[in-house]
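Geometric and topological summary
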Amino acid sequence: MKRKLATAFLAAALTFQSPVAYAQQDSAHPAKSLPIGTCINLGNTLEPETEGAWGGAAAEQADFERIAAAGFKTVRIPVRWSNKTSDQPPYTVDPAWMDRIQQIVDWALAAKLNVILNSHHFDGIHDDPLGISDRHGAVWSQIAQRFADYPEDHLWFELENEPHENFDHSNLLETLAPALKAVRAVNPTRAVIIGGEDWSGLESLATLPLPEDPNVYPTFHYYDPFAYTHQGASWVAPDIPPPGRNFPTDEDKAQLAKDVAKIEAYIERTGKVPFMGEVGAYDKHISTKDRAQYHRVVREAFEPTGIGICVWAYANTFPFYDRKAGAWKPGMLKALGLEE
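Read on for an overview of the structure.

What counts, and at which threshold
- Residues numbered from 1 in each chain as written.
- Predicted model: local features only at pLDDT ≥ 70, side-chain atom pairs only at ≥ 80, totals over all residues.
- Heavy atoms only, no water.
- Buried < 20%, exposed > 50% of the residue type's maximum accessible area, 1.4 Å probe, protein only.
- Helix = DSSP H or I, 4+ residues; strand = E, 2+ residues; numbered from the N terminus.
- Pairing = 2+ DSSP bridges.
- Expected span 1.5 Å × (residues − 1).
- Contact = heavy atoms within 4.5 Å.
- Phe/Tyr/Trp six-rings, centres within 6.5 Å; stacked < 30°, edge-to-face > 60°.
- Lys NZ or Arg CZ within 6 Å of the ring centre and 35° of its normal.
- Salt bridge = Lys/Arg side-chain N within 4 Å of Asp/Glu carboxyl O.

On to the pairing of strand 9 (residues 275–279). The buried fraction of strand 9 amounts to five of the five residues, a majority that puts the element mostly inside the structure. Of the strand pairs in this sheet, strand 8 (residues 216–222) and strand 9 are connected by four bridges, and their pairing is parallel. Across the sheet, Tyr222 pairs through a bridge with Val279, a residue of strand 9.

As structure tokens, then:
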């Protein structure tokens, strides 16, 4: 049935419009959203050059059982595909890597978790988006075919993480068109997720172009205020925020209120509910108690909007779970409204 419907959906999937062209949301019909709920990223696991290379560990089935038992509804799985893919047509993904990703998705689904499977750090796409788009699309064709018969209610595809540099709103849809076309060829109605330019910050929603496809959903990332969440973070050099920033200040509270209003306005304007695909605070100079406070404040602020929130991350940088202690870090689950 999916393949018979593909042609009809392809026409819709490949017709693009600017978000300003959306009609005003009809109050008689609820805005459309994915049932993401409380979500956690399997961060720094499958998106390094090799699995677990950035101080993490290889994923295990017990990880997903633990995540589900804690009360999370969804797991976002960032994956680096480009260095596991031939650089010549037909751009074949390493079969062993595809099998490994399938195993991990199977573990997550077996734990009754929803899964967001994405592409992370795809080599070259931020420097030369249109030059890489065919290769990127070929990879998504293989992903889509591998998971074509998986349940659409619980497995969703995010085409590329955090567009930035030369990958911006002027070429976003053209760059992602081969990937979306490949997905729709065998997954005509599966949820597809697209984030905007400038690392998919909240402000990117204001001008995010989306295809005329009822099963495409917007996402944004929230690491605000950056001077707090990334204090001492060496990877943002040369502009590393200095340690010592506190949260929330009166200015932070005022900005949060403005940011919530932006989400509410976006939902009203587009009829789509975005979700927060990443949010977190770096643990090098921020105590667990203060990180918990940050997550609680952000969650409570955005909760009335009904958006799903995916925290960064499970058990590495910005961790919620302490592998050495074999326990969730104190206060972190409670900050998300989960039981400890």
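Next comes the rest of the write-up.
Bringing helix 9 (residues 288–302) into the picture now. The end-to-end C-alpha separation of helix 9 is 21 Å, in line with the 21 Å expected for 15 residues at 1.5 Å each. Within helix 9 the residues assigned to the buried category are Arg291, Ala292, Tyr294, His295, Val297, Val298, Arg299 and Phe302. The secondary structure elements touched by the buried residues of helix 9 are strand 8, helix 7 (226–229), helix 8 (250–270), strand 9, strand 10 (309–311) and helix 10 (332–335).

Below, the discussion takes up the packing of aromatic side chains. Tallying each qualifying case throughout the model produces 15 aromatic pairs. Both rings, one in Phe220 and one in Phe302, keep their centres 6.4 Å apart while their planes meet at 45°; by these two values the pair is tilted. Of this pair, Phe220 sits in strand 8 while Phe302 is found in helix 9, placing the two residues 82 residues apart along the sequence. Classification of Phe302 by relative accessible area gives buried; the value is 0%. Taking NZ or CZ as reference, Arg190 lies 5.2 Å from the ring centre of Phe157, over its face. The ring of Tyr217 carries Lys272 above its face, with NZ or CZ at 5.5 Å from the centroid.

Turning our attention to the pattern of salt bridges. Scanning the entire structure with this criterion turns up 16 salt bridges. A salt bridge links Arg76 to Glu158, with the nearest nitrogen and oxygen atoms 2.8 Å apart. Taken together, the residues Arg76 in strand 3 (residues 74–77) and Glu158 in strand 5 (residues 155–158) connect sequence positions 82 residues apart. The exposure classification of Arg76 matches that of Glu158, with both residues buried. The closest approach of N and O atoms between Glu203 and Lys262, which form a salt bridge, is 2.4 Å. Of the two residues, Glu203 sits in the loop between helix 6 (197–200) and strand 7 (210–211) while Lys262 sits in helix 8, which places them 59 residues apart along the sequence.

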